[in-house]
Amino acid sequence: GAVVSQHPSWVICKSGTSVKIECRSLDFQATTMFWYRQFPKQSLMLMATSNEGSKATYEQGVEKDKFLINHASLTLSTLTVTSAHPEDSSFYICSASIGGMGGQPQHFGDGTRLSIL
Amino acid sequence: AQSVTQLGSHVSVSEGALVLLRCNYSSSVPPYLFWYVQYPNQGLQLLLKYTTGATLVKGINGFEAEFKKSETSFHLTKPSAHMSDAAEYFCAVAGWKGAQKLVFGQGTRLTINP
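Rules of the game
Residues numbered from 1 in each chain as written. Chains lettered and ligands numbered in written order. Predicted model: local features only at pLDDT ≥ 70, side-chain atom pairs only at ≥ 80, totals over all residues. Heavy atoms only, no water. Pairing = 2+ DSSP bridges. Helix = DSSP H or I, 4+ residues; strand = E, 2+ residues; numbered from the N terminus. Axes fitted to C-alpha atoms, helices over the stretch in contact; angles between N-to-C directions. Contact = heavy atoms within 4.5 Å. Buried area = accessible area lost by both parts, 1.4 Å probe. Salt bridge = Lys/Arg side-chain N within 4 Å of Asp/Glu carboxyl O. Polar contact = N/O pair within 3.5 Å; in protein donor to acceptor, adjacent residues only side chain to side chain. Nonpolar A, V, L, I, M, F, W, Y, C, P; charged D, E, K, R; others polar.

Focus: the sheet that holds strand 3 (residues 19-26) of chain B
Residues and elements named next belong to chain B.
No. 1: Pairing within the open sheet is antiparallel, and its five strands lie in the order 1-3-8-7-6. Every interior strand has two partners, whereas the edge strands, strand 1 (3-7) and strand 6 (56-58), have only one. Within the sheet, the average angular offset between the axes of one strand and its neighbour, ignoring direction, is 20 degrees.
No. 2: As defined by bridge partners, strand 6 adjoins strand 7 (residues 64-68) across three bridges and the pair is classed as antiparallel. The residue bridging V57 from the neighbouring strand is A65, located in strand 7.

Here's the deal with the interface of chain B and chain A
No. 1: Across the contact, 19 residues belong to chain B and 26 residues belong to chain A.
No. 2: Summed over both sides, the interface of chain B with chain A buries roughly 1700 Å², with 53% coming from carbon and sulfur.
No. 3: When the buried surface of chain B facing chain A is broken down by residue, L44(B), Q100(B) and K101(B) rank first, second and third, together holding 31% of it.
No. 4: As a salt-bridge pair, E59(A) and K101(B) come within 3.0 Å of each other at their nearest N and O atoms.
No. 5: The interface formed by chain B and chain A includes six residue pairs in polar contact (both at pLDDT 80 or more).
No. 6: Elements supplying a minimum of two residues to the side of chain B that touches chain A: strand 4 (32-38), strand 5 (44-50) and strand 10 (102-104) of chain B.
No. 7: The element that contributes the greatest number of residues to the side of chain B that touches chain A is strand 4 of chain B, accounting for four residues.
No. 8: Grouping the amino acids of the side of chain B that touches chain A by side-chain chemistry returns eight nonpolar, nine polar and two charged.

Purely geometric stuff here, so don't read any function into it on its own.
What follows is the structure, given as structure tokens:
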């Protein structure tokens, strides 16, 4: 149980294009979803927290106009990297939680490796 | 504010030997503690978690961790390492009362020598 599917797993695109990454909870309803960025050999950096039906909360230093997050349903959140540039190349990981009481673990997708040429 | 420190960015053990990955946390509220494992080019998989109750927590793949409040520690152990345990391990802390945001440690890369 608690499976999170992230798509695509790898994307290569030209500078200036926009890229959409999907995160789906397959067998549970995710009240809250999280988006992380991970640089090589480093820990995860939280970018934003999204709750179904409301605007995402971005961490300090994360450009909300660059990284658009939509959490349209209890099973789907999307991250759109707008006008992507080489410095946006990274490994992006989503996670989902059923929310409610504290202590509920986050369940992670397999990540999306984004390469901007 | 909460923080996590994982002592040792890289740990190397022989196959069959004890695995010990250290994690110390700082939290102003009773913490929820987690260990996750990450294999190359994959997301994170939950190994185990501590919320309340028994301080010795057993997880998947033979791992366990003990919450020691007096030492603010949550070290991860496995009695006998297997080659398939080679991966990156992350300790994380979440706050109490519904706060779900995780604060991760910097990770420990575990290498298993044959």
